[in-house]
Every structure is written in structure tokens, then in C-alpha cells.
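If you want the building blocks of each chain, they are given just below.
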Amino acid sequence: MADGSLTGGGLEAAAMAPERTGWAAEQEPASLEKGLFQDEDSCSDCSYRDKPGSSLQSFMPEGKTFFPEIFQTNQLLFYERFRAYQDYILADCKASEVQEFTAEFLEKVLEPSGWRAVWHTNVFKVLVEATDVDFAALKAVVRLAEPYLCDSQVSTFTMECMKELLDLKEHRLPLQELWVVFDDSGVFDQTALAIEHVRHYDILEDRVPSGLVVDYRNLLSQCEESYRKFLNLRSSLSNCNSDSEQENISMVEGLKLYSEMEQLKQKLKLIENPLLRYVFGYQKNSNIQAKGVRPSGQKITHVVSSTMVAGLLRSLLTDRLCQEPGEEEREIQFHSDPLSAINACFEGDTVIVCPGHYVVHGTFSIADSIELEGYGLPDDIVIEKRGKGDTFVDCTGADIKISGIKFVQHDAVEGILIVHRGKTTLENCVLQCETTGVTVRTSAEFLMKNSDLYGAKGAGIEIYPGSQCTLSDNGIHHCKEGILIKDFLDEHYDIPKISMVNNIIHNNEGYGVVLVKPTIFSDLQENAEDGTEENKALKIQTSGEPDVTEGVDLEELMQCATGKMELYARTDLSEQVEGNCEIVNELIAASTQKGQMKKKRLSELGITQADDNLMSQEMFVGIVGNQFKWNGKGSFGTFLF
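Note that the structure is a prediction, hence the values are computed from the model and not measured.

Structural notes on the sheet that holds strand 24 (residues 452-454)
One open sheet holds the eight strands; their spatial order is 12-15-18-21-24-27-30-33, and the pairing between them is parallel. Of all strands in the sheet, those with a lone pairing partner are strand 12 (356-360) and strand 33 (627-629), marking the two edges. The average undirected angle you get between the axes of adjacent strands in this sheet is 10°. As defined by bridge partners, strand 12 adjoins strand 15 (residues 381-385) across five bridges and the pair is classed as parallel. Opposite Val-360, over in strand 15, you have Lys-385 as the bridge partner.

Take a look at the structure:
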């Protein structure tokens, strides 16, 4: 394992591991009927099998290849991976014990020899055979397999060169660089899955923002410094006379240092634990400063085109640049790439991107209220981001409008678009994601309509507490989850305002919509008395079929949640409408529970308030008309932590 890996239990400081190879991205998700850490009733012995034969699927990379098929192992969802780390691999180990715990786990499940694998780097791939495993170092001892198979970008990689390279490495290779060759006997299933879990450390996948790694190391340094001061202070106290003034002062300083260390430890835990990191997210502070209005007061139209021809210029002058009678003269600037145009913008500017395929290597940091629009169809105006980086489009402006553009993301750490604050409107766009799709931070407002979002390894859209998110007539598909609503039950969080109308959410691996909430909330609901009308109203439908005979009538519930929206006929509850009702039912329960918790806290302080009705919190503008199709786990689910 590479040092510096963020894992289920901690993060150790040191160098980062090599980049992920392309195979993980090439493998298409597939169902895993049985396998390590997935069967709820599985035996505690991870090597136990009910019957012979592989339960995993094989994968053959695209294109002409002489290599054998490998095990397909990258299809596990976040929840399944987390359960593996929590229950089998790391449990409650300390950061300093991560490698030791991982080694112990591998000793139990990994076959020490006899399996073949493809050693895959950024330069070559070669077929090898494992002869032993160094569990403590997380490395396999290998030799070249027969017959010799090698595919390299460099023609000089002969068998002799490869033997020399292995000799230099003492034939010991990191497990995360090995992809186990498929074997239908089932003997090596656990080996393939175990190596996949070793490979899936967050930093090894470059899935942890670089800023978060820096924050972690800074916090760790602060904690170590405070602890050093605390030890010195304790040592000095042992040399002081009892009841002296110096001792009293030192005791106060000691309490302050102890409190400071506890606060730092809590912050470290939020980063170290992948579940807490996933639930609460990395609250990255965007330090981009808005330029404001141009000193001259003039607004400029920026035209982006790799090449400008006469016909295109005439069309632009007619459609976009024609000056209305009496309108103030507006300067026009021409750019060859969209990033330079964005960087040149001031408040109120407009950027028009002409048809073409533009490749950028930086981040679109939009801090002023501007308009970014494509001149044509989105598929004809493609902006592709390459190279490492945390984000693609960073929005902090008060009123940003983006339309008619296709964004393609590669090698990203964070989402394709992040709205930190202000309002961002996305219309008639295509988002081809690689990590998370769109993130709507606390206090931010996001409106997306007539757009298509797909390909996210995480959630297509993440909605944070206190934000406002309006989704209308969009497609959200082929992501890990469609929409993820972060926990908002904490007393410091405001309830988000969410509108979802006529969206099609389909073909996502997990749920169409996921609500994150603490386990204690679920316990409160289970222990509630079923006899009261209030608890009937809070009843959550979990069977996948709305209960129309008890509690609040579904039509009333929909009317309560959607206000001005027209209701679907109760006698024609299709699968899509049931999904809408289930989401409304669950989220109303959560928002009402938050209100009850708030009242209880105020009551304990001697403050009384008039009772609020069910939807006085105004969480929803509307959830209606959405279609949920072919999502792996269903339309709606909850993620308890």
C-alpha cells in the first residue's frame, strides 16, 4: 500500500501512489450475485463457499488483445465497499494500524500463490504469475508467466528488459498494480476481490481533493504540536510546588490545550472516516474574488472560436451581436479557447462559444455574474477538461447562466460543477462526468433544466443542507446514484428547498434518490407510538408500494408537498408516481422530525412556539412527474450513518 492513503480507518502521511490505469474506467458495472462482503448472511470465514464455480464475472478489455480475461471487480457500490472496510478490514483501527490490519485481512483471504495476473502500469502491461505474497508490504512476489505476453507503448520492452526490471524490483510488485486473471473454478474469487479493496484506497484513485490532503496534514501537525506542548506542561507541573500560583496557571493552560486537541481530533476523524467524509463532504472554501464591474463600466462580449470564418461571423452578427437601436456600443473580444475568455470576464460580461471541440487544462473559476452560452447544439460545442485537478467548473457568482454546452470531464477529483454560493442556472447542457456530477453547497442555489447528466462514479447531483435546488426536465442516468441529499437533521443545518419536476432518473447503479440521515433518526421512528395521527403522518413507506389505507392520504401528501402542482389520479399510481410519493413521504418525515427536535430543544430552554403544520418548513417547491426506471436498488433509499 502506498503511504498517504486515505482509508476506512485513517490516513498515513507520505508519498502518493501511481495513477490509476485505464482498466478501472473501462470496466462496465455489472451485478454481483455473490461475493466477498456482499451477502448479509455470509459466514464469518471469508473463504467459505456454498458450491464450486466463480460468482464473479470476467472482463475483456476493448480492442485486439492477446491477454486472458480478468476478474471484473470494480462494480461494488460505495456502501458495499464501506461495509468491507468497516466490518472486515479496518474496523476501529487507528491511523497507525491501517497497514497492519490490512495485512492481517489479506493473510486470511488471499491465495499466497498459484494465480496469474496482469501487471498493468501507465507504460506497459505484462502477464505474471504469483509465487508468494509479502502481506506486511502489500506486495506479491511474481515471475513472468509462460507464454510471455507483453503490451507496451515502448517497443524496447523485450523479455530481457522485463526480466531486468523485475530483478531490480526483487520480483515484488504492489498488489494494486495487479489484475487477477479470471478463473471459473471460484478458487481465486476472494483473491481478486481482496486486491480490489486494497486498490480502492481513496488517494490511490485520486478521489480525495488535494486541498483536503493538505488540510489533513496541517491538522495533524497542529495536533502533534499541541500534544507536545501538553506533555511539556505536564512535565513542568511535576516540578512545581503544590498549590502554587504557577501550578494553577499551568492547569488552566493544560485544560485549554486538552480542549484544543479534542477539537482537532474531531476534525481529523471527519477526514479519516470515509463514511463521514462522504456524508458531510469536503467543505472546500473557494477563495476566488469577484472582479466586479469593469472600471470603465463597460460590458464586453467575448467570442470563442478556434477558427473564425466569414460565414460564422455573419451568423454571429445577425443572431447574437446585432445592436438594437439606441443600445450602447458593446466591445467584442475574440479568444481561441474558453478558459482565457472566462478569465478575462468582469461582472455582466457574456461569453459566446462557437461550435468546436475545445480542450482545457485548468479550472473554470466563475466569481462574477456572467453568461456562458454555446452558439449551436450542445453536441457541437464540447469543452473537455484534461489533466489532474480538483474541479472543472467552480461557481461563486451571484447570478451565473450557462447554456448550450457539453462538458466532458477526465481525471477529476471533485465534481464536474460545484456551486459554492450564489445562483447558477444550467440550461440545455450535457454533463459527461467522471466523479461526482453537480455539487450544490450550503446557501447556494442551482437550477438545471432540459439537460443531460451521466457517468458519475458518485452521485449525479449532491444537495447540501441549506441549499436550493430546482431540477426540471432533465435526464440523470448511468451514475452510482442519481441524486444524493446530504443529512440536514443537525441543529446547525437549514432544510434544503428542493424542486424536482418531470425528470427522468434511470439506469443508475444504486438508488434514483438517496437521503443521508443518522441512525438515531431511524431508531426514533421505529420507537414512535403508532397510535397518534402525527406518527401516522410520519410513517415511511419502505415496501416500495405506497400505503393508501393508513396515515396521510397520498394525494393530500402530494398536494401538501407540491402546492401549486397538479395531482396525478390516485387510481393510476404508476411506478414513476409511486417513486415521487415515496420520496415526498420520506423527506416530509425527516423535515418534520427536525422540527420536533428543534421544538424539544427550545422547550428545554423554556421557550414555547405555536405548532407548525406539516409543511411549514417549506422544504419542497415540488416533487412531481419524475420517472424512475431501471435503477439498481430502486427509486428511493436512505443511507444511515
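Focus: a negative patch on the surface
A grouping of Glu-324, Glu-327, Glu-328 and Glu-329 is seen on the molecular surface, where their side chains present a negatively charged patch. By secondary structure assignment, the location of Glu-327 is in the loop between helix 9 (310-319) and strand 10 (331-335).

Re the nonpolar core
Generally speaking, a soluble globular protein has its nonpolar side chains buried in company with each other. Counting residues in each nonpolar core, the largest one holds 64 residues, and the members touching the most others are Phe-407, Phe-446 and Ile-483. The leading source of residues in this core is helix 14 (residues 575-604), at five residues. Ignoring anything within four residues of it in the chain, the contact list for Phe-407 reads Phe-364, Leu-372, Ile-383, Phe-392, Val-393, Ile-402, Ile-416, Val-430, Leu-431 and Gln-432. Core analysis: the next-biggest nonpolar cluster, separate from the first, contains 37 residues, Val-98, Ala-140, Leu-173 and Leu-193 among them.

Regarding the sheet that holds strand 31 (residues 511-517)
With respect to topology, eight strands assemble into an open sheet ordered 13-16-19-22-25-28-31-34, the strand pairing being parallel. The strands lining the two open edges of the sheet, one partner per strand, are strand 13 (364-366) and strand 34 (634-640). Direction aside, neighbouring strands of the sheet carry axes that sit 15° apart on average. Two elements, strand 25 (residues 459-463) and strand 28 (residues 481-485), share four bridges in a ladder whose sense is parallel. In the sheet register, Ile-463 faces strand 28, and the bridge partner there is Ile-485.

A short note on the confidence of the model for the chain
Scored by pLDDT, the chain comes out at a mean of 75, with 66% of its residues at no less than 70. Ignoring residues within four places in sequence, the model shows residues 24-51, a span with pLDDT below 50, making 58 contacts including any to other chains. Within the model, the stretch residues 202-206 combines pLDDT values under 50 with 28 contacts to residues more than four positions away or in other chains.

Notes on the packing of aromatic side chains
In this structure the tally under the stated criterion is four aromatic pairs. When the ring of Trp-119 is compared with that of Phe-124, the centres are 4.9 Å apart and the planes differ by 90°; the resulting orientation is edge-to-face. Here the aromatic rings of Phe-392 and Phe-407 are separated by 5.6 Å at their centres, their planes lie at 85°, and the arrangement is edge-to-face. Note that Phe-392 is positioned in the loop between strand 15 and strand 16 (393-395) and Phe-407 in strand 18 (residues 406-409), a separation of 15 residues in sequence. Across the pair, Phe-407 and Phe-392 agree in class, each one buried. An aromatic cluster is defined as three or more aromatic residues linked by ring pairs; in this entry it consists of Phe-364, Phe-392 and Phe-407. One cation-aromatic arrangement involves Lys-291 over Phe-346; the distance from NZ or CZ to the ring centre is 4.9 Å.

What about unusual backbone geometry?
Omega for the bond connecting Glu-146 with Pro-147 falls within 30 degrees of zero, at 0°, which places this linkage in the cis form. Of note, Pro-147 is situated in the loop between strand 5 (139-144) and strand 6 (150-152). For His-478, which is not glycine, the phi torsion reads 55° and is therefore positive. For His-478, a relative accessible area of 46% gives the class partly exposed. You will see that Asn-502, though not glycine, has its phi angle at about 60°, which is positive. Take Asn-502: it is sitting in the loop between strand 29 (497-501) and strand 30 (504-506). Under the relative-accessibility criterion, Asn-502 is labelled partly exposed at 38%.

Some points on helix 5 (residues 189-199)
Of all eleven residues making up helix 5, eleven are buried, and the element is well covered by its neighbours. For helix 5, the set of buried residues is Asp-189, Gln-190, Thr-191, Ala-192, Leu-193, Ala-194, Ile-195, Glu-196, His-197, Val-198 and Arg-199.

As for the pattern of salt bridges
Evaluated as defined, the whole model comprises ten salt bridges. The residue Arg-294 makes a salt bridge to Asp-349 at a minimum N-O spacing of 2.7 Å. Of the two residues, Arg-294 sits in the loop between helix 8 (274-280) and strand 9 (300-304) while Asp-349 sits in the loop between helix 10 (338-343) and strand 11 (350-353), which places them 55 residues apart along the sequence. Taken as a pair, Arg-294 and Asp-349 share a single burial class, namely buried. Between Glu-373 and Arg-320 there is a salt bridge, with its nearest N and O atoms 2.7 Å apart. Remark: Arg-320 occurs in the loop between helix 9 and strand 10 and Glu-373 occurs in strand 14 (residues 371-374); sequence separation between them is 53 residues. You can call Glu-373 buried: its relative accessible area is 14%.

Re the environment of Ser-113
For Ser-113, the location among the structural elements is in the loop between helix 3 (98-109) and strand 3 (116-120). Residues Ser-113 and Ala-130, 17 residues apart in the sequence, show an inter-C-alpha distance of 5.1 Å. The residues touching Ser-113, leaving out its near neighbours within four places in the chain, are Ala-130, Thr-131, Asp-132 and Phe-188.

Some points on the side chain of Lys-385
Turning to its location among the elements, Lys-385 is positioned in strand 15. Since its relative accessible area comes to 2%, Lys-385 is described here as buried. Other than its neighbours up to four places away in sequence, Lys-385 contacts Val-360, Gly-362, Thr-363, Thr-391, Phe-392, Val-408, Gln-409 and His-410.

Things to note about the packing of helix 3 against helix 5
Following both chains from N to C, one finds helix 3 and helix 5 inclined at 165°, their axes separated by 10 Å at the closest point. The angle between helix 3 and helix 5 places the two elements in the roughly antiparallel class. Crossing hand, helix 3 versus helix 5: left-handed. Judged by residue contacts, Thr-102, Phe-105, Leu-106 and Val-109 of helix 3 engage Gln-190, Thr-191, Ala-194 and Val-198 from helix 5.

So, a nonpolar patch on the surface
A cluster of nonpolar side chains, contributed by Met-308, Leu-313, Leu-317, Ile-332 and Phe-334, occupies part of the molecular surface with about 400 Å² of accessible area. Looking at the nonpolar patch, the elements that each hand over two or more residues are helix 9 and strand 10. With respect to the helices, strands and loops of the structure, Leu-313 is situated in helix 9.

Focus on the pairing of strand 9
Looking down a regular strand, the side chains alternate between one sheet face and the other. Along strand 9, five of the five residues are buried, which leaves the element largely enclosed by surrounding structure. Burial along strand 9 is two-sided: the residues Ile-300, His-302 and Val-304 and Thr-301 and Val-303 are all buried. Strand direction decides the pairing type here: strand 9 and strand 10, joined by five bridges, are parallel. Residue pairing across strands places His-302 opposite Gln-333, the latter belonging to strand 10. Each parallel crossover has a hand, and the one from strand 9 via helix 9 to strand 10 is right-handed. In this sheet, strand 11 lies alongside strand 9 in parallel orientation, the contact comprising four bridges. Bridge pairing in strand 11 places Val-304 opposite Val-353.

About the thresholds
- Residues numbered from 1 in each chain as written.
- Predicted model: local features only at pLDDT ≥ 70, side-chain atom pairs only at ≥ 80, totals over all residues.
- Heavy atoms only, no water.
- Pairing = 2+ DSSP bridges.
- Helix = DSSP H or I, 4+ residues; strand = E, 2+ residues; numbered from the N terminus.
- Axes fitted to C-alpha atoms, helices over the stretch in contact; angles between N-to-C directions.
- Patch = residues over 30% accessible without salt bridge, like charges linked within 9 Å, V, L, I, M, F, W, Y side chains within 5 Å.
- Areas by Shrake-Rupley, 256 points an atom, 1.4 Å probe, with all protein chains shown as cover.
- Salt bridge = Lys/Arg side-chain N within 4 Å of Asp/Glu carboxyl O.
- Lys, Arg positive; Asp, Glu negative; His and termini not counted.
- Charge placed at Lys NZ, Arg CZ, Asp CG, Glu CD.
- Core = buried A, V, L, I, M, F, W, Y, C linked by side-chain atoms within 4.5 Å.
- Buried < 20%, exposed > 50% of the residue type's maximum accessible area, 1.4 Å probe, protein only.
- Contact = heavy atoms within 4.5 Å.
- pLDDT = per-residue confidence, 0-100.
- Phe/Tyr/Trp six-rings, centres within 6.5 Å; stacked < 30°, edge-to-face > 60°.
- Lys NZ or Arg CZ within 6 Å of the ring centre and 35° of its normal.
- Parallel < 35°, antiparallel > 145°, perpendicular 65-115°, else oblique.
- Left-handed = near helix turned anticlockwise from the far one by under 90°.
- Right-handed = clockwise from strand over helix to strand, strands pointing away.

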